[in-house]
Amino acid sequence: MSSTKTKSKKPTWLRAKLPSGPEYVGVRDIVDKNQLNTVCQSAQCPNMGECWSRGTATLMILGNVCTRACTFCAVQTGMPTELDLAEPPRVADAVFKMGLRHCVLTSVARDDLPDGGAKVWAATIRAVRYRNPNTAIEVLVPDFKGNFENLDVVLDAHPNLLFNHNLETVERLQRPIRKTASYQRSLDVLAHAKRRGFPIKSGIMLGLGEKEDEIRQALLDLAAIELDVLTLGQYLQPSPQYAAIDRWATPEEFARWKEEALAMGIQVVESGPLVRSSY
């Protein structure tokens, strides 16, 4: 799904901080020496310079090859060739060396595995907690194809801050943007975690061609499952091979959606052009 629909230059409010400084170098060295992946690098996050310069990164487990081919995401797509069972202690060590008080873990989708990678997820959460007992753990997970047994393996490891799974876009755009994912399945995954007693978080991108009434309906659907934290950010096209940018949503539009979401009962809303779900 490639296009050049939006050819205008990025607006000034999308200028991000370039990577620099000793803290940035320190994070890069920890990630490299521990042989880890980060969503910052793999997904080309615009906030990498700022986050790494503050000594923090979002660690991505289960490799850097995703079995899905979402048209918004820069993470490499293909069939993974291995499963690194020694990864969890290396992640825990990296969190310790970075001195993180709030750790965000995410992963590629591993539809090639019977459990979708749930056991590695659980082992990683437990390893991070054991090495870093005072660190709050937030998880940003795939949908595990809606398999609640696999999802419960992750939840039973008790991430102790937030359970995060992204809706990504409005219902009409799910198939062209997320392909093998499902709007209702994502809502069901979030609702299941909520029933288990976990605070839940989700994110939506603007600029993919969604209409106002569709955004509003997505917010209402998230509010209906008692979403605790919502992120809204601008979609940025990784390269011409990915979904085109339909428009640049202004800071004023993001502020307006924040007010609407809060009024619907969502407790915490981070809304702005550079906001990301793991940021």
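It should be noted that the structure appears before, not after, this text.
Conventions used here
- Residues numbered from 1 in each chain as written.
- Predicted model: local features only at pLDDT ≥ 70, side-chain atom pairs only at ≥ 80, totals over all residues.
- Heavy atoms only, no water.
- Helix = DSSP H or I, 4+ residues; strand = E, 2+ residues; numbered from the N terminus.
- Buried < 20%, exposed > 50% of the residue type's maximum accessible area, 1.4 Å probe, protein only.
- Contact = heavy atoms within 4.5 Å.
- Areas by Shrake-Rupley, 256 points an atom, 1.4 Å probe, with all protein chains shown as cover.
- Salt bridge = Lys/Arg side-chain N within 4 Å of Asp/Glu carboxyl O.
- Core = buried A, V, L, I, M, F, W, Y, C linked by side-chain atoms within 4.5 Å.
- Phe/Tyr/Trp six-rings, centres within 6.5 Å; stacked < 30°, edge-to-face > 60°.
- Lys NZ or Arg CZ within 6 Å of the ring centre and 35° of its normal.
- Expected span 1.5 Å × (residues − 1).

Chemist: Which residues make up the overall build of the chain, and what are the values?
Modeler: Scanning the chain for helices and strands turns up 10 helices and 10 strands. Looking at the chain as a whole, 56% of its 279 residues qualify as buried. By sequence separation, contacts in the chain at least 24 residues apart represent 77% of the contacts at least 6 residues apart. If you sum the accessible surface of the chain, you get close to 12700 Å²; carbon and sulfur atoms cover 52% of it.

Chemist: Could you give an account of unusual backbone geometry, naming the residues involved and the relevant values?
Modeler: For L62, which is not glycine, the phi torsion reads 70 degrees and is therefore positive. Considering the arrangement of structural elements, one finds L62 in the loop between β2 (59–61) and β3 (65–66). Judged by its relative accessible area of 4%, L62 falls in the buried class. The phi dihedral of E226 falls on the positive side, at around 65 degrees, and the residue is not glycine. With respect to the secondary-structure elements, E226 resides in the loop between α9 (212–224) and β9 (229–234).

Chemist: Describe the pattern of salt bridges, listing the residues and the values that go with them.
Modeler: According to the stated counting rule, one finds 18 salt bridges in the structure shown. We note a salt bridge from D111 to R68, for which the minimum N-O separation is 2.7 Å. Taken together, the residues D111 in the loop between β5 (102–107) and α5 (118–131) and R68 in the loop between β3 and β4 (76–77) connect sequence positions 43 residues apart. According to the relative accessible area criterion, D111 is partly exposed, its value standing at 27%. The shortest N-O distance in the salt bridge between K194 and D228 comes to 2.8 Å.

Chemist: Explain the environment of N132 to me, using residue names and the numbers behind them.
Modeler: Structurally, N132 can be placed in the loop between α5 and β6 (136–140). Distance in space between the C-alpha atoms of N132 and K97 is 10.0 Å, their sequence separation being 35 residues. Excluding residues within four positions of it along the chain, N132 makes contact with A92, V95 and F96.

Chemist: Requested: an account of the nonpolar core, with residues and values cited.
Modeler: Among the nonpolar cores identified, the biggest contains 75 residues, and L105, W121, F163, L222 and L230 are the most heavily contacted of them. Ranked by residues supplied to this core, first place goes to α5 with seven residues. For L230, the contacting residues outside a window of four places in its chain are S202, L219, L222, A261, I266, V268, V269 and E270.

Chemist: Lay out the packing of aromatic side chains in plain terms, naming residues and giving numbers.
Modeler: Any aromatic ring pair is given by two values, namely how distant the centres are and how the planes are angled relative to each other. Enumeration according to the criterion identifies zero aromatic pairs in this entry. It is R131 that lies over the ring of F96; its NZ or CZ is 4.1 Å from the centre. In this structure, R256 is placed above the aromatic ring of W257, and the distance from its NZ or CZ to the ring centre is 5.1 Å.

Chemist: Residue-level account of α9, with values.
Modeler: For α9, which comprises 13 residues, the first-to-last C-alpha distance of 18 Å matches the rise-based estimate of 18 Å (1.5 Å per residue) to within 8%. When α9 is considered as a whole, its buried residues turn out to be E214, I215, A218, L219, D221, L222 and A223. Buried-residue contacts for α9 involve α8 (183–195), β8 (200–206), β9 and α10 (251–263). Looking one or two residues beyond α9, the residue adopting positive phi is E226, at roughly 65 degrees.

On their own, these measurements won't tell you what the molecule is for.
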